Amino acid sequence: MDPIVIVIAVAVVVLLVVVGVGFVATRRPSRGEVLEPPPVDLGTATPPDRVGVDEREDAELVEPEVEVVDPLTGILPPEVVITGPELTPEEEAANIAAAEAAELESEQELAEGAALAERPSFRDRLSKARSAFSGYVGSILSRTDIDADTWDELEEALIRADVGIGPATELLDAVRATVKERGITTSADLIDAVKAEMKQRLAGPVELATADSPPSVWLFVGVNGVGKTTTIGKVGKRLTDQGMAVVMAAGDTFRAAAAEQLGTWADRCGADLVRGAEGGDPSSVIFDAIASGAAKGADVVLADTAGRLHTKTNLMEELAKVRRVADKGEGTVTEVLLVLDATTGQNGLNQARQFTEATDLTGVVLTKLDGSAKGGIVFAIRSELGIPVKLVGLGESAEDLVDFDPDQFVDALFDQQ
């Protein structure tokens, strides 16, 4: 082919492309946002070149309008062009604020839904405690009537579940009276009567008390190894999540790394930490923490205390001193919580007796209830010492430290599923 012809052909193609691009540029509005075109019903749609023409002629553009533009039919794809008046800065700010608020609300709903879904249940977490108890309950339920063997099995089940001989005897005496009064004859009704009696005896306030004038002071006592410091951290996380200002007092000055452990929790939940020298006076640390909390307007001061001493000083005497010093501070001691390891069984009950003599306990925090604990220790503490179990640990995370619910606890213990 003649080179001159090739050059002319290329020039013609280039010219057509330039003309086409220029045509598109002249047809595009100076304002607006370009979107992909929606599906168009060819049978009923208004021809693209007439969309909005009649309405726009001799009229001021006051609202956004949509126009389908087909710059080069068959060559370039059609476009949807939205044209309209520019937004004022106030309108733009309002739109941004509305979008951010909607996004925040969506995130909060997702977070609440996740928290609700992950909340531990007594039924799911007491499987180990229930396994040791359910065999006896199943055997009792298989009986057609109530006889001496039924009562013997029930008593053995309660004792093996760490309820204790004394509390188990008192409980069954009350149930016998109920059976006689109501004329109960079936084993199923007997189990229902036992559950009702246990729920009634475990009932009591579980809310952690706060002072009318902050800061409220919550002292945590217990021997080393029961999870006392970790419990304080979890309680602090709960309070800060509720919007409260929290100060943590590292009063267990005799245990290595106790202050560092509590400091980690303080950083995690946004609480302030007050600590002293290792081996220093626990009472002075707690007194300083209360003063700091009062000065900063804190709502609650969570005080860790010694669980073991390096001297011959009696631990109970030291705790009694801590309580006296705490009462002299600017805050108000509203809770003295004994932290117990549920897996220690009756040994935990003996610890509770000793701490009750040294300090005026207001409640018990029972940790590791989801482990190998038999569960009956809850009933033994409430029955023998008259101290309510207020919090229980059903797992490792902060959310697994939950308020004690007598009804859910008893139902989970007797559950045969």
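Computed from a predicted model, the values in this text were never measured in an experiment.

(A) Structural view of the pattern of salt bridges. Using the criterion set out here, one finds 19 salt bridges in the structure. A salt bridge links Asp241 to Lys237; the nearest nitrogen and oxygen atoms lie 2.8 Å apart. Taken as a pair, Asp241 and Lys237 lie in helix α9 (residues 228-241) at a separation of four residues, close to a single helical turn. Two residues, Lys296 and Asp272, come together in a salt bridge whose shortest N-O distance is 3.5 Å. In this pair, Lys296 sits in helix α11 (residues 282-296) while Asp272 sits in strand β6 (residues 272-275), placing the two residues 24 residues apart along the sequence.

(B) Broad picture of helix α7 (residues 165-182). With 18 residues, α7 should cover 26 Å at 1.5 Å per step; its first-to-last C-alpha distance of 26 Å lies within 8% of that length. Listing the buried residues of α7 in full gives Pro167, Ala168, Leu171, Leu172, Ala174, Val175, Thr178 and Val179. Taken around the axis of α7, the buried residues stretch over an arc of 160 degrees, which confines them to a single face. Turned more than 90 degrees away from the buried face of α7, the exposed residues are Ile165, Lys180 and Glu181. Tucked inside the fold, the buried residues of α7 contact α6 (148-160), α8 (187-202) and α14 (377-385). Of the residues one or two after α7, Gly183 is the one with positive phi, at around 70 degrees.

(C) Expanded view of the packing of aromatic side chains. In this structure the tally under the stated criterion is one aromatic pair. With centroids separated by 5.4 Å and ring planes inclined at 55 degrees, the aromatic side chains of Phe404 and Phe409 adopt a geometry described as tilted. Across the pair, Phe409 and Phe404 agree in class, each one buried. The ring centre of Trp265 lies 4.3 Å from the NZ or CZ of Arg268, which sits over that ring.

(D) Representation of the pairing of strand β10 (residues 389-393) in the model. Buried residues dominate β10, accounting for five of its five residues. Sheet analysis places strand β9 (residues 363-367) next to β10, joined by three bridges and oriented parallel. Within β10, the position partnered with Leu366 by the bridge is Val392. In the sheet, β10 pairs with strand β11 (residues 401-403) via three bridges, with the strands oriented antiparallel. Note on β11: the bridge partner recorded for Val392 is Val402.

(E) Main features of the packing of helix α13 (residues 346-358) against α14. Close contact between α13 and α14 brings their axes to 10 Å; oriented N to C, the two are set at 30 degrees. In this view, α13 runs roughly parallel relative to α14, as classed from their interaxial angle. Here the hand of the crossing between α13 and α14 comes out right-handed. For the pair α13 and α14, contact is made by Gln346, Leu349, Ala352, Arg353 and Thr356 and by Ile377, Ala380, Ile381, Glu384 and Leu385, respectively. For the contact of α13 with α14, a count of residues per class yields six nonpolar, two polar and two charged.

(F) Fine view of the layout of surface pockets. Size it by volume and the second largest pocket reaches roughly 300 Å³. Lining the second largest pocket are 20 residues, with Val226, Gly227, Thr230, Thr367 and Lys368 sitting closest to its centre. Residue contributions to the lining of the second largest pocket peak at five residues, all from α9. For the lining of the second largest pocket, a count of residues per class yields three nonpolar, ten polar and seven charged.

(G) Structural view of the sheet that holds β6. Pairing is mixed in the open sheet, where eight strands are placed in the order β6-β5-β7-β4-β8-β9-β10-β11. The outermost strands of the open sheet, each flanked by one partner alone, are β6 and β11. For this sheet, the mean inter-axis angle between neighbouring strands, taken without regard to orientation, is 25 degrees. Note: strand β4 (residues 216-221) against strand β7 (residues 300-304), five bridges, orientation parallel. Looking at β7, one finds that Ser216 is bridged to Val300.

(H) Focus on the packing of helix α12 (residues 315-328) against α13. Packing of α12 against α13 brings their axes to within 9 Å, and their N-to-C directions diverge by 45 degrees. The orientation of α12 with respect to α13, classified from their angle, is oblique. In this structure, the crossing between α12 and α13 has a hand that is right-handed. Contact residues: Leu315, Met316, Leu319 and Ala320 in α12; Gln354, Phe355 and Ala358 in α13. Split by residue class, the contact of α12 with α13 holds six nonpolar, one polar and no charged.

Criteria and cut-off values
Residues numbered from 1 in each chain as written. Predicted model: local features only at pLDDT ≥ 70, side-chain atom pairs only at ≥ 80, totals over all residues. Heavy atoms only, no water. Salt bridge = Lys/Arg side-chain N within 4 Å of Asp/Glu carboxyl O. Helix = DSSP H or I, 4+ residues; strand = E, 2+ residues; numbered from the N terminus. Expected span 1.5 Å × (residues − 1). Buried < 20%, exposed > 50% of the residue type's maximum accessible area, 1.4 Å probe, protein only. Arc of directions from axis to C-beta. Contact = heavy atoms within 4.5 Å. Phe/Tyr/Trp six-rings, centres within 6.5 Å; stacked < 30°, edge-to-face > 60°. Lys NZ or Arg CZ within 6 Å of the ring centre and 35° of its normal. Pairing = 2+ DSSP bridges. Axes fitted to C-alpha atoms, helices over the stretch in contact; angles between N-to-C directions. Parallel < 35°, antiparallel > 145°, perpendicular 65-115°, else oblique. Left-handed = near helix turned anticlockwise from the far one by under 90°. Nonpolar A, V, L, I, M, F, W, Y, C, P; charged D, E, K, R; others polar. 1 Å grid on protein atoms, 1.4 Å probe; cavity = no way out; pocket = protein on both sides within 12 Å on 5 of 7 lines; lining within 4 Å. Points joined across faces, edges and corners; volume = space filled by probe spheres on them.

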